[in-house]
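Below are the chains, spelled out letter by letter.
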Amino acid sequence: MKIRQLSLFLENRPGQLRFPCKVLGDAGIDIVTMSLADTAQFGILRLVVKEWERAKAVLDAAGVVVNVTEVLAVDVPDRPGGLAAVLDAFEQAGVGVEYMYASAARERGLHATLLFRLEDPDRAAKLLEAAGVKLVGPDELFARS
Amino acid sequence: MPTPVLESPIHDPAETLPVPERRALQAHRLQETVRRASAVPFYRDALGRAGATAEAVRSVDDVRRLPFTTKDDLREEYPLGLLAVPRGELARVHGSSGTTGKPTFVAYTRRDLETWSGLVARFLVAGGLRPDHLVHVAFGYGLFTGGFGLHYGIERVGAAVVPAAGGNTPRQVMLIRDLGAEVLVCTPSYALHIAEVAAAEGFRPGDLPLRLGHFGGEPWTEEMRAAIEDALGIRAFNNYGLSEVIGPGVSGECPYRTGMHVQEDHFLVECVDPDTLAHVPDGEVGELVFTTLTKEAMPVLRYRTRDLAALDRSPCPCGRTGVRMSRVVGRSDDMLIIRGVNVFPSQIEEALLRVEGTAPHYLIEVSRPGSLDEAVVKVEMRPSDFRDEMRQLQELHDRIDREIHAVTGVRMAVELVAPNTLERSAGKAKRVLDHRRTGRS
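Nothing here was measured: the structure is a model prediction, and the numbers come from that model.

The rules behind each value
- Residues numbered from 1 in each chain as written.
- Chains lettered and ligands numbered in written order.
- Predicted model: local features only at pLDDT ≥ 70, side-chain atom pairs only at ≥ 80, totals over all residues.
- Helix = DSSP H or I, 4+ residues; strand = E, 2+ residues; numbered from the N terminus.
- Rg over C-alpha atoms; globule rule 2.2 N^0.38 Å.
- Pairing = 2+ DSSP bridges.
- Contact = placed C-beta atoms within 7 Å.
- Axes fitted to C-alpha atoms, helices over the stretch in contact; angles between N-to-C directions.
- Domains from an automatic or database assignment.
- Nonpolar A, V, L, I, M, F, W, Y, C, P; charged D, E, K, R; others polar.
- Parallel < 35°, antiparallel > 145°, perpendicular 65-115°, else oblique.

**Describing the overall build of chain B**
Right, on to step 1. When you go through chain B residue by residue, the secondary structure sums to 10 helices and 21 strands.
Right, on to step 2. Compactness check: chain B gives a C-alpha radius of gyration of 23 Å against a globular reference of 22 Å for 441 residues, within 12% of the reference.

Here you go:
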């Protein structure tokens, strides 16, 4: 059920975001969704792409610092209180969230799809499914984009 | 003919000694120095290797037979291996920052301290200090020779000292105003910073009681002098010294300000090509080399300062006969002076080696956006150490920041950069970009 996410180290200066995006574009790799975290000194660009292995290879070759991590995609009912209910399940299951962001790939009108970086993704996946949280696998997620 | 910027007496008649007389005095003292240095195992060995003896030193030119001494030599003799007197005769120890976090120490006998304060008094008087003045000293007091060196020189003149030391600039401005200091002593960049803080508090040039400034401890320019004089409404004088030789007081300006008179009755100065070590002609820039002529505790033979400057032996209208050295225009090694503190690139390397997750690839960029130096250290990440966590990156950043501060004593901004982004040249990597030399930044 886990999704492979690429994390890219970015220096905080102009052109740093454009460069890896161009490398992926030139390789014909489509970005499914992304998130950018930054401080005054540096940033981390997190990407979900369909062909993560090929994406990592072209980014590596271009000199970009890339790290592969696993995240879980969760469908959250698209209504007030939907996310709070899901997070409640996280809390009941004792699953800690390192960070999360919204996925651009989702089924509009039905639910929002969120990507979660959790401490122990395998254990978390089991606990969350047992708690009735709907996890979205890579095939299903990519089919929506 | 240049005009003096003020009238001032000559503190010590020795400053006007006719050149032939002084050369005779120098020759005599040089021989004495070699004799004293021979008591130190390091110098005994070095003199032996050079085939030089005290008896062979008959004229000033015989200094060329003597071996050079370097900062590395001082480091290897850590802490006080170069003492030429029994420890019990020491009156004080000072030190300067070293390349490996350890300072190099220098020592003084009671008589050395008297010599030193007399030399500081010479340049202070030449630059207008009078016994009725009150002097604000914003140099650090401590191992650094600046604070105590100037302090006792001021007392020697008979003027009053406010030992304000460094830091808390608004408070410094308050002290200067409330106590009515006429004279400011600090690094030139700190003088400019005081001026800025004073301006921010609504003072206009001339509002503060200051009339004179004696600045040293770092290289500066004529443009900076003009800026300080305009901003504070003072006359600014340059002085030079280094702890290995004695501290401030090795040379200083007279009212004509056409170079700094070297106190030649106490120091023999040479100007050499840093590569060939051959003497360069007067007027040409070379590395300054000093031999102490009267130091007791720690005489030094042909100390290579790494400071680049030119010598001028033309007569000076002030009457002082000591050769004038130009401003220091650069270094023959890679030492940087950041906010008055000596920093070597190798110290950054040492700091990075203490931090896992960084490669020893770095670039130090120094600029002076306002009046104070700013240093940025760019450090390349190692890809294998990059995790997908802001916290980890932040921790890495903060560790580097702490280690650099611990090793150098200076705060520098740290920037993590991607691997292989810092320029690599064939052979020696480019470690330093100093924008202060190239422009106003």
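So much for the structure itself; the text now carries on.
**Overview of the environment of A:Ala62**
Right, on to step 1. When you line up the elements, A:Ala62 lands in the loop between helix H2 (52-61) and strand E4 (66-77).
Right, on to step 2. Sequence separation between A:Ala62 and A:Phe19 is 43 residues, and the spatial gap between their C-alpha atoms is 9.2 Å.

**Some details on the sheet that holds strand E8 (residues 247-253) of chain B**
Sheets are built from strands paired through backbone hydrogen bonds, the pairs being either parallel or antiparallel.
All names here are of chain B.
Right, on to step 1. Strand order in the open sheet formed by nine strands is E4-E3-E5-E6-E7-E8-E9-E14-E13, and the pairing between neighbours is mixed. On the outer flanks of this sheet lie strand E4 (160-162) and strand E13 (311-312), each paired with one strand and no other.
Right, on to step 2. As judged from the two bridges shared by E13 and strand E14 (residues 324-325), these two strands associate in the antiparallel manner. The residue of E14 that forms the bridge with Asp-312 is Arg-324.
Right, on to step 3. Sheet strands touched by helix H5 (residues 145-157): strand E3 (134-137), E4, strand E5 (183-186) and E8. Its angle to E8, the strand with the most contacts, is close to 60 degrees.

**A look at the sheet that holds strand E12 (residues 303-309) of chain B**
Residue and element names in this part refer to chain B.
Right, on to step 1. As summarised here, the arrangement of the four strands in space is E10-E11-E12-E15, forming an open sheet in which the pairing is antiparallel. With partners counted over all chains shown, the strands left at the sheet margins are strand E10 (267-272) and strand E15 (330-331), one partner each.
Right, on to step 2. One ladder, built from four bridges, connects strand E11 (residues 286-292) with E12; its direction is antiparallel. Looking across to E12, one finds that Gly-286 is bridged to Ala-309.

**Topic: the domain arrangement of chain A**
Right, on to step 1. For chain A, the assigned domains read domain 1 (3-69) and domain 2 (70-144).
Right, on to step 2. In the side of domain 1 of chain A that touches domain 2 of chain A, the residues fall into three nonpolar, four polar and two charged.

**Looking at the interface of chain A and chain B**
Right, on to step 1. Counting residues at the interface gives 12 residues for chain A, matched by 15 residues for chain B.
Right, on to step 2. Here the side of chain A that touches chain B takes three residues from strand E1 (residues 3-11) of chain A, the largest share from any one element.
Right, on to step 3. Of the residues that constitute the side of chain A that touches chain B, the class distribution is five nonpolar, six polar and one charged.

**Some words on the packing of helix H4 (residues 110-126) of chain B against H5(B)**
Residues and elements named next belong to chain B.
Right, on to step 1. At a closest axis distance of 7 Å, the pairing of H4 and H5 adopts a crossing angle of 75 degrees. Considering the angle they form, H4 stands roughly perpendicular to H5. Two secondary-structure elements touch here, H4 through Leu-113, Trp-116, Ser-117, Gly-118, Val-120, Ala-121, Leu-124 and Val-125 and H5 through Gly-149, Leu-150, Tyr-152, Gly-153, Ile-154, Arg-156 and Val-157.
Right, on to step 2. Its residues placed into classes, the contact of H4 with H5 shows 10 nonpolar, four polar and one charged.

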